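Residue-level structure breakdown
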Amino acid sequence: GASPGHRPDLGGGVQTDFTAESLPRNELSKFIEEKVRDVVRSKCEDMGMAETVTVREVSCIVQATTPNDTIQANFASVPQKVEYLSRAIMVFQRIDNVDIAIFSMYVQEYDEDGSGPRRVYLAYLDSVEFFRPRRIRTDVYHEVVVSYFGWCKARGFEQVHIWSCPPSRGNNFIFWAHPTSQKTPNRQRLQSWYQALLARCVELGVATNVHSLCDDFEQYGKLPGGELPKCPPILAGDYWLDEASRLWKQHEKRMNSNASSSGRKSNQIVEDKSIDLACMLKSKIMSVAAAVPFLVPVDPKKLGILDYFNVIKHPMDLGTVHEQLMKHNYDKLSDANKNVALVFKNAMVYNPVGHPVHMAALKLQNTYNLELSKMCEKWQSELVGGRRANGDGEVVIDFSDVSLKRKTMNVEVPTRKKKAKDSGSKSQPGSRAVSPVLGSVQPNDKLAAMAAAQIKSQEKMIQRKEMETVDNNVRLLLSAPTPASVSQLMMGQDFTVTDPQKKGKRGVGAAKKAKREDMGPTMPLPIPQNVTLNAKSDKSRKSWLAVEVGKSLRKMRSEFFVISLKPVPQLQTSEAKSAQDRMAKVFKKYLGDFSVPSKDSDELHSNPLVDMRHTYLELSQMRHLQFNTLRLAKYSSSILLYYLHRPDAPSLAPCCDNCKSIITKTRWHAAQDLAEVNLCTPCYEKVKQQKTSKVFTPFRITFDMQRQRKMGTKKTTSSSS
């Protein structure tokens, strides 16, 4: 008879063994599978249950992410392109002689670059509740992740990043249509799940320390005003990258609003020539119909001018100039003016006299010079050159050292007189109240020296406490690896955020008061003139965006785990050192005789169905590969295994029901009278003109078999070479 889980050979040389066990097995799959089966054997009385579990790496491809302009402009040492190895790992269990996909995760492996050390990012993780026996389901899922982290540690990776972000009800990360009886974890429950996972990592010697990503951003508030912060680890799809872009767009919107309004604080004047010039460029030049050819970079292929870059060696466009002005990337007015002039010069060089683009460039250049002349008359400062006219009557302006840096100036303003409480405090007639100006206090030398000594003493004390904190954290974590200890390390010293009971009872004001009481009395000292106050709203500091991102992370600090895999250096106490040495022996025992291969031995293999998790979700929706019941999970897993064995099967690609061609980019779907229709965009446009009663819904299609096939072949060839 046929062996369990295997279908008989129908003859004719056709493969019929589409099981999980017959999928290719590499060293990573073997390591995780053995560890998972050990857990099942130790917790399950049925010794044969462990053999029903199969672990396979179904995809391993090289991908890349490009940091946007906001990250490039506001952080130092940002790589232009960050490549990483994307792995898709799936766990199957054979139930009723059918392999069912019950767990899947997508991970990203990064080599050391300008933004961080060798690190791993647990990007997505999803499961369904059909694992048997149910009571060890969590232990099995934990072991899959823990064993993978152990594999990464043995490979030389130093950090693991996790964002504990639960899906909303009805949303799916990897598997489509979960069982209705399967609870969607809330934030607190998911954090507890990860805390138990990390406690298991520490228990096996995989992890040596745990902290929140929020703690890495605290250093940025201590940087000098003119120093860019070092870029945090870049991870594709991570929260802090999107949050930085959101905060920057919010800042740009506020700057545009402030530049267009005349209202200022009564004691402040904000001078921002860069924003003023950007607003003028957009309202007076870029909004004109003739400026359309100059708004975006020239695309020679799209416009049919393939010799463009042979003629124009330094391309430039108004959109780029406007963006650089909004980001304050120009130090002087002459720098911005050169780029604007370069835009029009390129147009007049490439297009002959009399060409519409040449004439539009000449007209816009004159308009720009006139508007800039009016703006310079309003600035009334730092203008070295004056206006003059050339022989053709065109307005020409000479620029030298006009600064475009944003400045905030305090001014004296009159205020209403207040009635004095006693006769000894009456104001003199005609006197005016003057707002205090930072730096106007002139401390004597003795008090200034005392202030400097106190600041230096505080810095040494903070450094000493930080080292003691690291020792205490390592000793606490390694001596008692429990979810509670992991939670305590994630809290750090930020009790105002992580202690909801105290915050709810006492309130923010009471908490601040108690904090002041704990600090004890302090001697009031004068503020040195070089100390910058109110850094919260000081946008002139180059680290302001990193500080604002850190504030956003602080509100969610318990959701961003940073796990250290390498030994913690410079431990001070012998207890912490001995605990770390003891856990190193535990990890060596956990690895056993398993030899971890080198990085160069990674075998890249691409499968267009599961290379990206959203592609699998899209096709699951189209083919109704659901996991909400055990019967549907068996069917969906069987279809999944078929395409994992045959990634080039023509039936995998979505096809139009009308023209039978492969659908790309957008699938138009309609369901009516139990019949479904899927159309490509050209066929949908034809049906739309016929005024059909069917309602079509567009769905994104990221599946591209030809591109994935070429990519997989190219990467596999480069890997083998």
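Rules of the game
Residues numbered from 1 in each chain as written. Predicted model: local features only at pLDDT ≥ 70, side-chain atom pairs only at ≥ 80, totals over all residues. Heavy atoms only, no water. Helix = DSSP H or I, 4+ residues; strand = E, 2+ residues; numbered from the N terminus. Buried < 20%, exposed > 50% of the residue type's maximum accessible area, 1.4 Å probe, protein only. Contact = heavy atoms within 4.5 Å. Areas by Shrake-Rupley, 256 points an atom, 1.4 Å probe, with all protein chains shown as cover. Pairing = 2+ DSSP bridges. Axes fitted to C-alpha atoms, helices over the stretch in contact; angles between N-to-C directions. Salt bridge = Lys/Arg side-chain N within 4 Å of Asp/Glu carboxyl O. Phe/Tyr/Trp six-rings, centres within 6.5 Å; stacked < 30°, edge-to-face > 60°. Lys NZ or Arg CZ within 6 Å of the ring centre and 35° of its normal. Expected span 1.5 Å × (residues − 1). Parallel < 35°, antiparallel > 145°, perpendicular 65-115°, else oblique. Left-handed = near helix turned anticlockwise from the far one by under 90°. Nonpolar A, V, L, I, M, F, W, Y, C, P; charged D, E, K, R; others polar. Core = buried A, V, L, I, M, F, W, Y, C linked by side-chain atoms within 4.5 Å. Polar contact = N/O pair within 3.5 Å; in protein donor to acceptor, adjacent residues only side chain to side chain.

Overview of the overall build of the protein chain
Counting its secondary structure elements, the protein chain contains 22 helices and 14 strands. Buried residues in the protein chain amount to 43% of all 721 residues. Relative to all contacts within the protein chain whose residues are 6 or more apart in sequence, the contacts with residues 24 or more apart total 72%. Carbon and sulfur atoms provide 53% of the accessible area of the protein chain, an area that totals close to 39,700 Å².

Some words on the sheet that holds strand E5 (residues 159-163)
Strands pair in a sheet through their backbones, by hydrogen bonds, and they do so in one of two ways: parallel or antiparallel. With respect to topology, seven strands assemble into an open sheet ordered E1-E2-E3-E4-E5-E11-E6, the strand pairing being mixed. Here the strands that pair on one side only, and so sit at the sheet edges, are strand E1 (53-65) and strand E6 (209-212). Strand-to-strand, the axes of this sheet are offset by a mean angle of 25°, without reference to chain direction. In the sheet, strand E2 (residues 82-95) pairs with strand E3 (residues 98-110) via twelve bridges, with the strands oriented antiparallel. By the bridge assignment, Tyr 84 is partnered in E3 with Tyr 110. The sheet contacts of helix H20 (residues 630-645) involve E1, E2 and E3, and relative to E3 the element is tilted by about 55°.

Focus on the pattern of salt bridges
Within this structure, the stated rule accounts for 21 salt bridges. Glu 33 is paired through a salt bridge with Arg 25; the nearest N and O atoms lie 2.8 Å apart. Among the residues examined, Arg 25 registers a relative accessible area of 41% and is labelled partly exposed. With a closest N to O distance of 3.3 Å, Glu 548 and Lys 551 form a salt bridge. Placement of both Glu 548 and Lys 551 in helix H17 (residues 544-555) is noted, with a separation of three residues, approximately one turn of the helix. Taking the relative accessible area as the measure of exposure, Lys 551 reaches 30% and is therefore partly exposed. Put simply, Glu 21, Arg 25, Glu 33, Arg 37, Asp 38, Arg 41, Glu 51 and Arg 56 are held in one network by salt bridges that share partners.

Re the packing of aromatic side chains
The geometry of an aromatic ring pair is captured by two quantities: the separation of the ring centres and the angle between the planes. Counted under the stated rule, the structure contains 26 aromatic pairs. Measuring from ring centre to ring centre gives 5.8 Å for Trp 163 and Phe 560, while their planes differ by 25°; the resulting arrangement is stacked. Pair noted here: Trp 163 is in strand E5 and Phe 560 is in strand E11 (residues 560-564), with a separation of 397 residues, a long-range link. Judged by relative accessible area, which is 22%, Trp 163 ranks as partly exposed. Residue classification places Phe 560 among the buried positions, given a relative accessible area of 3%. Measuring from ring centre to ring centre gives 5.2 Å for Tyr 642 and Tyr 643, while their planes differ by 75°; the resulting arrangement is edge-to-face. The exposure class assigned to Tyr 642 is partly exposed, which follows from its relative accessible area of 23%. Through successive ring pairs, a cluster of aromatic residues spans Phe 31, Trp 151, Tyr 590 and Phe 594. A cation over an aromatic ring shows up here: Lys 35 above the ring of Tyr 590, its NZ or CZ 4.3 Å from the ring centre. Its end group placed over the ring of Phe 587, Lys 153 keeps NZ or CZ at 4.6 Å from the ring centre.

Brief notes about helix H11 (residues 333-350)
A rise of 1.5 Å per residue sets the reference length of H11, with its 18 residues, at 26 Å; its end C-alpha atoms lie 26 Å apart and thus fit the reference within 8%. Within H11, the full set of buried residues consists of Leu 333, Ser 334, Ala 336, Asn 337, Asn 339, Val 340, Val 343, Phe 344, Asn 346 and Ala 347.

What about unusual backbone geometry?
Glycine aside, negative phi is the norm for most residues, and most peptide bonds take the trans geometry. Looking along the chain, the bond that leaves Arg 132 and enters Pro 133 is cis, with omega of -5°. The topology assignment puts Pro 133 in the loop between strand E4 (119-127) and helix H3 (137-154). In this structure, His 624 takes a positive phi of about 60° despite not being glycine. Mapped onto the elements, His 624 comes out in the loop between helix H19 (613-623) and H20. Overall, His 624 belongs to the partly exposed group, its relative accessible area being 33%.

A few points about the pairing of E6
Of the two faces of E6, both are covered, the one formed by Asn 209 and His 211 as well as the one formed by Val 210 and Ser 212. Pairing analysis gives four bridges linking E6 to E11, with the strands arranged antiparallel. Opposite Ser 212, over in E11, you have Phe 561 as the bridge partner.

Here we look at the packing of helix H7 (residues 273-286) against helix H10 (residues 318-326)
Close contact between H7 and H10 brings their axes to 8 Å; oriented N to C, the two are set at 155°. Considering the angle they form, H7 stands roughly antiparallel to H10. In the crossing of H7 with H10, the sense of the turn from one axis to the other is left-handed. Contacts from Ser 274, Ile 275, Leu 277, Ala 278, Leu 281, Lys 282, Ile 285 and Met 286 of H7 reach H10 at Leu 318, Gly 319, Val 321, His 322, Leu 325 and Met 326. Considering only residue class, the contact of H7 with H10 consists of ten nonpolar, three polar and one charged.

Considerations on the nonpolar core
Ranked by size, the top nonpolar core spans 96 residues in total, and within it Met 105 and Tyr 148 carry the most contacts. No other element matches H3, which puts nine residues into this core. Among the nonpolar cores identified, the runner-up in size contains 31 residues, and Tyr 84, Trp 248, Leu 545 and Met 556 belong to it.

Focus on the side chain of His 178
When you line up the elements, His 178 lands in the loop between E5 and helix H4 (187-203). Reaching out from His 178, the side chain makes a polar contact with the side chain of Asn 172 at a distance of 2.9 Å. With sequence-adjacent residues up to four places away left out, His 178 is seen in contact with Asp 126, Ser 127, Val 128, Asn 172, Phe 627 and Asn 628.

A few points about the packing of H10 against H11
The relative placement of two packed helices is expressed as an angle between their axes plus a distance between the axes. For the pair H10 and H11, the least separation of the axes is 9 Å and the interaxial angle reads 170°. In terms of their interaxial angle, H10 and H11 are classed as roughly antiparallel. Note on element contacts: H11 touches H10 through Ala 336, Asn 339, Val 340, Val 343 and Phe 344, opposite Leu 318, Val 321 and Leu 325.

By themselves, these observations are geometric and do not establish any function.
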